Amino acid sequence: MSDKEFQTNTSEWFYPTEDIIKNAHIPDYDTVYQQAIDDPIGFWGEQAESLEWYQKWDQVLDDSNAPFYKWFIGGKTNIVLNALDRHQKTWRRNKIAIIWEGEDGEKRSFSYWRLNQEVCKFANVLRSMGVRKGDTVTIYMGRTPEIVIAMLACAKVGAIHSVIYGGFSEQAIADRIEDAKSRVLITSDGAWLRGQIVPLKNNVDQAIDRSPIVEHVIVVKRTGQDVTMVQGRDYWYHDLMALPIASTRCETEVMDAEDPLFILYTSGTTGKPKGILHTHGGYQVYTSTTLNWVFDIKDDDRWWCAADPGWITGHSYIVYAPLILGATSIIYEGAPTYPYPDRWWRIVEDYGVTILYTAPTAIRGLMRFGDAWPNRRDLSSLRLLGSVGEPINPEAWKWFYNVIGKGRCPIMDTWWQTETGGFMITPVPSVGLKPGSATRPFPGIVVDVVDEDGNTCAPNEDGKLVIKTPWPSMLRTVWGDDQRYLNQYWAAYKDKGWYLAGDSARKDDDGYIWVIGRIDDVIKVSGYRLGTAEIESGLVSHHAVAEAAVIGVPDEVKGNIIYAYCILVAGQTGSDDLVKALREHIRHEVGPIAMPSKIEFVDKLPKTRSGKIMRRVLKARAMGLPEGDLSTLED
Ligand code: WT7
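Summarised in this report is the structure supplied together with it. (Residues numbered from 1 in each chain as written. Predicted model: local features only at pLDDT ≥ 70, side-chain atom pairs only at ≥ 80, totals over all residues. Heavy atoms only, no water.)

Taken together, the neighbourhood of the ligand is formed by 17 residues, with Asp413, Thr414, Thr418, Arg518 and Arg529 sitting nearest. Within the side chain of Gln417, one N or O atom sits 3.0 Å away from an oxygen atom of the ligand. Out of a free accessible area of 550 Å², the ligand has 96% covered by protein chains. For the shell around the ligand, the elements supplying multiple residues, two or more each, are α12 (312–324), β20 (411–414) and β24 (513–518). When its residues are assigned to classes, the shell around the ligand shows six nonpolar, five polar and six charged. (Near = heavy atom within 4 Å. Polar contact = N/O pair within 3.5 Å; in protein donor to acceptor, adjacent residues only side chain to side chain. Areas by Shrake-Rupley, 256 points an atom, 1.4 Å probe, with all protein chains shown as cover. Helix = DSSP H or I, 4+ residues; strand = E, 2+ residues; numbered from the N terminus. Nonpolar A, V, L, I, M, F, W, Y, C, P; charged D, E, K, R; others polar.)

Put into structure tokens, the structure is as follows:
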């Protein structure tokens, strides 16, 4: 992917067919956008009306203590009331909620009725273990139906789930358990990935050694290899679900709209991961409205969000929003290329997938294998496509559009973040598209590209992406750290009350937004968000390393790859073996997704006089580019 492409390619348009425009939930974006901006309170109130509430709200938005905004104040609900309970009263109870396929070919599906039963049973298990409203529960599992059941069961009893992505390991898990203070952890013995077993339970055991706060571990049997079960601490999920206590009747806890639903950890500028907090009321309204309008969900759709439930994409658009809308979702456990590079296309064909939502890195990864793999599968069921996670380069966009969508399926390039809860800048199916641009904001959302002083940038000029008004699924705070919430997101434009996204962007002459990338110390690797600081502290925790600096360097498939520069402690010498050992150390401490592609040993690092590592200088050197202004360099 080259940056040049993004700068020049602003004039090529792709328009949806008349048929798509006519049938879209939002056939006229401009009108709806204007209405929402003229009366945001009325607009969000109207969207909330389409959901069920135990008790209606008194006030849509409370901004008296901004930026600690509150939504639907006085409203009583539970996201499970909308995701499961209400469907049991209609024909929808017999509709398929989830179609699951394991990497090993195992298949299972759940109707709304059956899913609800499993959730009720597991909610009773959790209650019997003493889990109550407001408690935190950590979930660390592969992509199986049980992760969905576990998340929903937590929400049903009013517990706050904290899902840790299965690609993280020991120290990363321990840090997150510690920060969330979870007494109960749900995991599985292992997960299948590329024909191999990811040893999830084993990782959990080691993490708990470092973080002994966990009292109970519930283990789902998936891969069947031997695991150590600690007497009195660890329980098999299937044993608990067979107990009389696991009845299919279970009351859903009545929650305030503003009660916490989940914490999801994401990387930021410092090493300590941030627990992004979302709540029941605003989140259910925003995620369901955005999914409905952007991906135009119809009753006969087969929706496939090919992300992991362990990331925000999965929380919002595999678990909560599709269930609220009563949609049928596909979940696939493993790698897109296993056993052959047509696995995904076979899934589209087998299940008649109508909407496929994925990430640029996956598209680029599959594109490498050529057109023959998708071409031998019947992809004619597809009607819409989607992309998320990083900017999509026009070449990948066009391949997705032409080879997968056969030129018929508009691509919804959705820009958003863990913090925003749902799509923020995104097309709807009826608008014109430009490859590489996430187009314009969703109705009700006000975004801008501004300079340091907050002036709107001229068209095609780079600036900072800000969100100027609150929205229902905005993060409420950083778990346990209000100050960090203020500093990170609201301090930059404090007087104006704008949210700083942490991305640079530009707006073109048509008002279309082109997101360029992160401006903080966050790297996107294969769409995964990693903090340089977390990887650096992982490296420094190795006895041979005194100091480390980590940067992201552009890569054709992964978007970015990780380069690490290490200063060794006196007496240590750099060698290929040490490079190997450090990579393994990172796999073990942080996770396989954080492993540096390259590790270089250096005597010193470029720093400012105040001691901050100048990562842009390292990056320029790594890419063979001019190093720019070095006036603040220490020596
Ligand atoms: C960061 C947020 C939102 C779910 C997955 C990522 C980048 C995300 C796009 C897009 C360009 C994008 C941004 C953003 N990003 N979507 N369509 N075009 N960049 O969530 O892990 O919180 O990462 O991902 O840099 O700030 P996340």
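More follows now that the structure is in view.
This next bit is on the pattern of salt bridges. For the structure on display, the rule yields 52 salt bridges. One salt bridge in this structure joins Glu12 and Lys398, with 3.0 Å as the shortest N-O distance. Note that Glu12 is positioned in the loop between α1 (3–8) and α2 (18–23) and Lys398 in helix α16 (residues 394–404), a separation of 386 residues in sequence. For Glu12, a relative accessible area of 31% corresponds to the partly exposed category. For Lys398, a relative accessible area of 25% corresponds to the partly exposed category. In this structure, Glu106 engages Arg222 in a salt bridge whose closest nitrogen and oxygen atoms are separated by 2.9 Å. A residue pair is termed long-range when its members are at least 10 positions apart, and Glu106 in the loop between β4 (96–101) and β5 (107–111) and Arg222 in the loop between β11 (216–220) and β12 (234–236) qualify at 116 residues. The partly exposed category is assigned to Glu106, whose relative accessible area is 35%. Residues participating in the shared-partner salt-bridge network are Asp104, Glu106, Arg108, Glu146, Arg222 and Glu333. (Salt bridge = Lys/Arg side-chain N within 4 Å of Asp/Glu carboxyl O. Buried < 20%, exposed > 50% of the residue type's maximum accessible area, 1.4 Å probe, protein only.)

Sheet strands associate in pairs through backbone hydrogen bonding, adopting either a parallel or an antiparallel arrangement. Strand order in the open sheet made by the four strands is β21-β22-β23-β24, with antiparallel pairing throughout. Every other strand in the sheet has two partners, leaving β21 (447–450) and β24 as the edge strands with one partner each. Direction aside, the axes of adjacent strands within the sheet are offset by 45 degrees on average. Where strand β22 (residues 463–467) lies against strand β23 (residues 499–507), four bridges are found, and the strand directions are antiparallel. Among the inter-strand pairings, Ile467 is bridged to a residue of β23, identified as Tyr499. (Pairing = 2+ DSSP bridges. Axes fitted to C-alpha atoms, helices over the stretch in contact; angles between N-to-C directions.)

This next bit is on the state of the cysteines. Tallied over the full model, the rule gives zero disulfides. Left without a disulfide partner, Cys154 is nearest to the cysteine sulfur of Cys250, which lies 12 Å away. (Disulfide = S-S within 2.5 Å.)

This part takes up the sheet that holds strand β16 (residues 302–305). Pairing is mixed in the open sheet, where seven strands are placed in the order β5-β4-β17-β16-β18-β19-β20. Strands at the two margins of the open sheet, each flanked by one partner only, are β5 and β20. Each strand axis lies, on average, 20 degrees off the axis of its neighbour in the sheet, ignoring direction. When β4 meets strand β17 (residues 328–332), the two strands line up parallel, connected through four bridges. Among the inter-strand pairings, Ile99 is bridged to a residue of β17, identified as Ile330. Most of the contacts of helix α6 (residues 112–128) go to β5, to which it runs at about 95 degrees, and overall it touches β4 and β5. (Contact = heavy atoms within 4.5 Å.)

This part is about the packing of α6 against helix α7 (residues 145–157). Where α6 meets α7, the axes come as close as 8 Å, and the angle between the chain directions of the two elements is 60 degrees. Looking at the two axes, α6 sits oblique to α7. Along this stretch, α6 crosses α7, giving a crossing that reads as right-handed. Together, Leu115, Glu118, Val119, Cys120, Phe122, Ala123, Leu126 and Arg127 of α6 and Ile149, Ala150, Leu152, Ala153, Cys154, Lys156 and Val157 of α7 make up the contact between the two elements. Of the residues contributing to the contact of α6 with α7, the split by class is twelve nonpolar, no polar and three charged. (Parallel < 35°, antiparallel > 145°, perpendicular 65-115°, else oblique. Left-handed = near helix turned anticlockwise from the far one by under 90°.)

All right, on to the packing of aromatic side chains then. Applying the stated rule across the entire model yields 43 aromatic pairs. A centroid spacing of 4.9 Å and a plane angle of 45 degrees characterise the contact between Tyr165 and Trp311, whose relative ring orientation is tilted. Of the two residues, Tyr165 sits in the loop between β7 (160–163) and α8 (170–180) while Trp311 sits in the loop between β16 and α12, which places them 146 residues apart along the sequence. Grouping residues by exposure puts Tyr165 and Trp311 together as buried. Measuring from ring centre to ring centre gives 4.0 Å for Tyr317 and Phe423, while their planes differ by 20 degrees; the resulting arrangement is stacked. With Tyr317 in helix α12 and Phe423 in the loop between β20 and β21, this pair connects stretches of sequence that are 106 residues apart. Both residues of the pair, Tyr317 and Phe423, belong to the buried class. (Phe/Tyr/Trp six-rings, centres within 6.5 Å; stacked < 30°, edge-to-face > 60°.)

It is worth spelling out unusual backbone geometry at this point. Residue Pro67 follows Ala66 across a cis peptide bond; omega there is 5 degrees. Locating Pro67 in the fold gives a position in the loop between β1 (59–62) and β2 (70–73). A cis geometry characterises the amide bond from Tyr338 onward to Pro339, with omega recorded as -5 degrees. Locating Pro339 in the fold gives a position in the loop between β17 and α13 (343–351). The phi angle at Phe72 is positive, at roughly 55 degrees, despite the residue not being glycine. Secondary-structure assignment places Phe72 in strand β2. A relative accessible area of 0% places Phe72 in the buried class. With a phi close to 55 degrees, Asp296 is a non-glycine residue in the positive phi region. As for its position among the elements, Asp296 is in the loop between α11 (280–294) and β16. Exposure remark for Asp296: the relative accessible area of 2% places this residue in the buried category.

Everything listed here is a matter of geometry and, on its own, says nothing about what the molecule does.
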